[in-house]
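Residue-level listing of the chains:
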Amino acid sequence: MDVVIASDYEDLSRRAAGVLADLALARPDAVVSLATGETPLGMYRVLIGWVESRRVDLSRLRFFMLDDYYGVAQDDRRSFYRWLQQAIFEPAGVPRHHVYPLPTTDADPVAACAAYEEAIAAAGGIDLQLLGIGANGHLGFNEPGSPAASPTRLVDLTETTLESNARYWGTGPEDVPRQAITMGLGTILRARRHLLLASGAAKAEILARALEEQITEEAPASLLRQCAAVTIIADRAAASRLRRTAVVE
Ligand code: GLP
């Protein structure tokens, strides 16, 4: 596991963009899963700039959604699919048929989630999984206590997550859907490479817990320590509570 400390959010964003750009240059049709949330927005802005200056081409990559709200259509303002379309896919010229959406409105989520897993396998598996970290250590929408081998499934969101995600739309937690479809921890952990981004003092405590305390399903991000190729990029504020982790500046 490499833990890279970025000097600030801009530095974090550039370094993270470099990881995806390097993959796209080496394997233009690689399979990638991107995260929503505020943390990767700077990375996406850097990538869009590089696409516009023709330094990188993301249009042949294939993407799988990490998580999304259940019962929310793709054109809903709360849809993570729509979020990523606007934040990266459309401006970076990724065709819609290269983005595999989660079954957020399917009446039979169990069968649809099984089909999602099959689609990932048919694509050859995830080459690069980008992740943020939830305030409670969740990965995607795998809340604390999610089984390490869990597949893509319908989940109930915790009050912590409802409250922390209400900020995305400037509303209260009552406007945040209470259920989501998420790639499972098993699905996420099977990716060949992981890139986790953490920015800001609000992530310092959970990042230290995930990296320096027990590996446990109660802190899903801690399970990444069992994976073969993990890069964590944290800015100084998010890394401020790390005591024992060897870091690269
Ligand atoms: C959200 C999403 C995650 C995201 C995380 C961190 O709830 N489900 O995919 O990575 O929480 O979000 P942010 O980057 O806004 O802190």
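Residues numbered from 1 in each chain as written. Predicted model: local features only at pLDDT ≥ 70, side-chain atom pairs only at ≥ 80, totals over all residues. Heavy atoms only, no water.

Caption draft 1: Region of interest: the pattern of salt bridges. Within this structure, the stated rule accounts for eleven salt bridges. A salt bridge links aspartate 175 to arginine 78; the nearest nitrogen and oxygen atoms lie 3.8 Å apart. Residue aspartate 175 is located in the loop between helix H5 (159–165) and strand S8 (179–182), and its partner arginine 78 is located in the loop between strand S4 (67–69) and helix H3 (80–89); the two are separated by 97 residues in the primary sequence. A relative accessible area of 21% means that aspartate 175 is categorised as partly exposed. (Salt bridge = Lys/Arg side-chain N within 4 Å of Asp/Glu carboxyl O. Helix = DSSP H or I, 4+ residues; strand = E, 2+ residues; numbered from the N terminus. Buried < 20%, exposed > 50% of the residue type's maximum accessible area, 1.4 Å probe, protein only.)

Caption draft 2: Highlighting the site of the ligand. As a structural note, the neighbourhood of the ligand is formed by 15 residues, with Thr39, Asp67, Arg167, Tyr168 and Lys203 the closest of them. With respect to the ligand, the backbone of glutamate 38 contributes an N or O atom lying 2.7 Å from an oxygen atom. Take aspartate 67: an N or O atom from its side chain is 2.7 Å from a nitrogen atom of the ligand. If the ligand stood free it would expose 390 Å²; the protein chains cover 97% of that surface. (Near = heavy atom within 4 Å. Polar contact = N/O pair within 3.5 Å; in protein donor to acceptor, adjacent residues only side chain to side chain. Areas by Shrake-Rupley, 256 points an atom, 1.4 Å probe, with all protein chains shown as cover.)

Caption draft 3: Seen up close, the sheet that holds S8. An order of S4-S8-S7 is seen for the three strands of this open sheet, with the pairing classed as antiparallel. Bordering the open sheet on either side are S4 and strand S7 (153–156), each of which pairs with just one other strand. Strand-to-strand, the axes of this sheet are offset by a mean angle of 30°, without reference to chain direction. Pairing between S7 and S8: four bridges, direction antiparallel. When the sheet's bridge partners are listed, arginine 153 is paired in S8 with threonine 182. (Pairing = 2+ DSSP bridges. Axes fitted to C-alpha atoms, helices over the stretch in contact; angles between N-to-C directions.)

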